[in-house]
Amino acid sequence: MRMYDVIKKKRDGNSLSTEEIDFFVRGFNDGSIPDYQASALMMAIFFRGMNEKETLDLTMAMAHSGDMLDLSRIPGVKVDKHSTGGVGDKTSLSLIPMVAACGCKVAKMSGRGLGHTGGTIDKLESFPGFSTSIPVEQFEKNVNTVGFSIMGQTKELAPADKKLYALRDITATVDNMSLIASSIMSKKLAAGADAIVLDVKTGSGAFMKKYEDSVSLAEEMVKIGNNAGRKTIAVISDMDEPLGYAVGNALEVKEAIETLKGNGPEDFYTLCLELGAKMLVAGGYAPDDANAKERLKEAVSSGKALDKLAEFVKAQGGDPDYVYDPGKLSKADLVIPVAAPETGYISGITCDEVGICSMILGGGRETKEDIIDMAVGIVLCKKKGDHVEKGETLAYVHANDQKKADECIRRLLKAYSFSKDKCEGKKIIKTVIGL
Ligand code: URA
């Protein structure tokens, strides 16, 4: 087989066979197929597309390019959850203890934040001593004993995807639905769970800005998951404004803890209940959504979900006292109120701008090497649909540097838009795909 012929076949609009896709992924991964030929194929796929079978073949080939985690030593159905990322997205921190408190086993690999979106691992590192760099054996043990564990993605997980994504990133071939879906799902399949619940974000703070694109991506991923024999459900959720009120690592951890105590923001709690219900149903832990949501609410009101978070933090080397006393989490030196410049209704918040504001304060990474400041961030007081009087506090900026705070406030004010007319608030759950 020659790579030249594979590229030409796709360039001319034909479908590639399983063998041709395997040949490409194996050769690209071991270095025998050079970047320039892989780039040419990516561009041909970008213009010609891939059918359902090709997309599944590419996903499976990338999933098998490294370790396929075998979770069979952990009894019970293992459920994974994945978010396409957003601003203020602390969902895993509340959701996973909630479902674990209902008996659902979760073995999850997570990533760090990059750009305007945050990452679960960074947030978890707000707990002193906490580590996600744990051996697979401990990961399995923690899922068995605590009910869930979160570890950093290993280098051996879908390495062909890692290499191909880096190439797509510099050759303008990222935004193709089949390529994105196969990239995300290759990692999910390699991570070994029996069922997968996807939180596909839509709106100005999301990877997919347009609703129709989010639906297409969700449909592609659900098809791949189910075709690969894993029960897969996707929830499309709003990311046109930050999720909850807190944006920034320790601030989000605090909000996630408050949510587990039953005092969380409504949009965030609603999302946790929706995703949690899908996880319990997909894993066979609950017969239907209504039953699942009742149990999830009980896990919160009884304090069991909060105890699960503490147990998890302790099992991974962190100090569980911080869960019960989040006031101990790191705090910024400056907490500056941001006053509304006019009276009216909030008609919108440019969500990615709020993520960038947090990054300006030092709460996010521009490059993978950047060190982040756990304490800084933004706590919104007003979201879409709320009424404000001129001078009323829109948000608090938590900063450790006055100059950065000034720049953050300048941009934050620009992110808000106002209207004299009453505006509807955002609906957090847009639709569910794959039931
Ligand atoms: N995230 C991924 O993991 N892969 C893509 O292709 C896009 C976003």
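Residues numbered from 1 in each chain as written. Predicted model: local features only at pLDDT ≥ 70, side-chain atom pairs only at ≥ 80, totals over all residues. Heavy atoms only, no water.

Draft legend 1. A look at helix 7 (residues 136-145). All buried positions along helix 7 are accounted for by Phe139, Glu140, Asn142 and Val143. Viewed along the axis of helix 7, the buried residues span an arc of 160°, placing them on a single side of the element. Seen from the open side of helix 7, the exposed residues pointing more than 90 degrees away from its buried face are Glu137, Lys141 and Thr145. Looking at the buried positions of helix 7, the neighbouring elements they touch are strand 2 (106-110), strand 3 (148-152) and helix 14 (304-315). (Buried < 20%, exposed > 50% of the residue type's maximum accessible area, 1.4 Å probe, protein only. Helix = DSSP H or I, 4+ residues; strand = E, 2+ residues; numbered from the N terminus. Arc of directions from axis to C-beta. Contact = heavy atoms within 4.5 Å.)

Draft legend 2. Layout of the site of the ligand. In the neighbourhood of the ligand, the contacting residues comprise Tyr165, Arg168, Ile180, Ser183, Ile184, Lys187 and Phe207. In the environment of the ligand, an oxygen atom lies 2.5 Å from a nitrogen or oxygen atom belonging to the side chain of Lys187. Coverage of the ligand by the protein chains reaches 83% of its 240 Å² of free accessible surface. At the level of elements, helix 8 (159-170) and helix 9 (177-190) are the ones that each hand at least two residues to the shell around the ligand. Take the shell around the ligand: its biggest share by element is four residues, from helix 9. In the shell around the ligand, the residues fall into four nonpolar, one polar and two charged. (Near = heavy atom within 4 Å. Polar contact = N/O pair within 3.5 Å; in protein donor to acceptor, adjacent residues only side chain to side chain. Areas by Shrake-Rupley, 256 points an atom, 1.4 Å probe, with all protein chains shown as cover. Nonpolar A, V, L, I, M, F, W, Y, C, P; charged D, E, K, R; others polar.)

Draft legend 3. Representation of the pattern of salt bridges in the model. Summed over all chains, the structure comprises 30 salt bridges. We note a salt bridge from Asp199 to Lys201, for which the minimum N-O separation is 2.7 Å. Judged by relative accessible area, which is 0%, Lys201 ranks as buried. Where Lys426 meets Asp240, a salt bridge forms, and the shortest distance between an N and an O atom there is 2.8 Å. Residue Lys426 is located in the loop between strand 12 (416-419) and strand 13 (429-433), and its partner Asp240 is located in the loop between strand 5 (231-238) and strand 6 (246-247); the two are separated by 186 residues in the primary sequence. Three or more residues are tied together by salt bridges with common partners; here these are Glu274, Lys278, Asp289 and Lys293. (Salt bridge = Lys/Arg side-chain N within 4 Å of Asp/Glu carboxyl O.)

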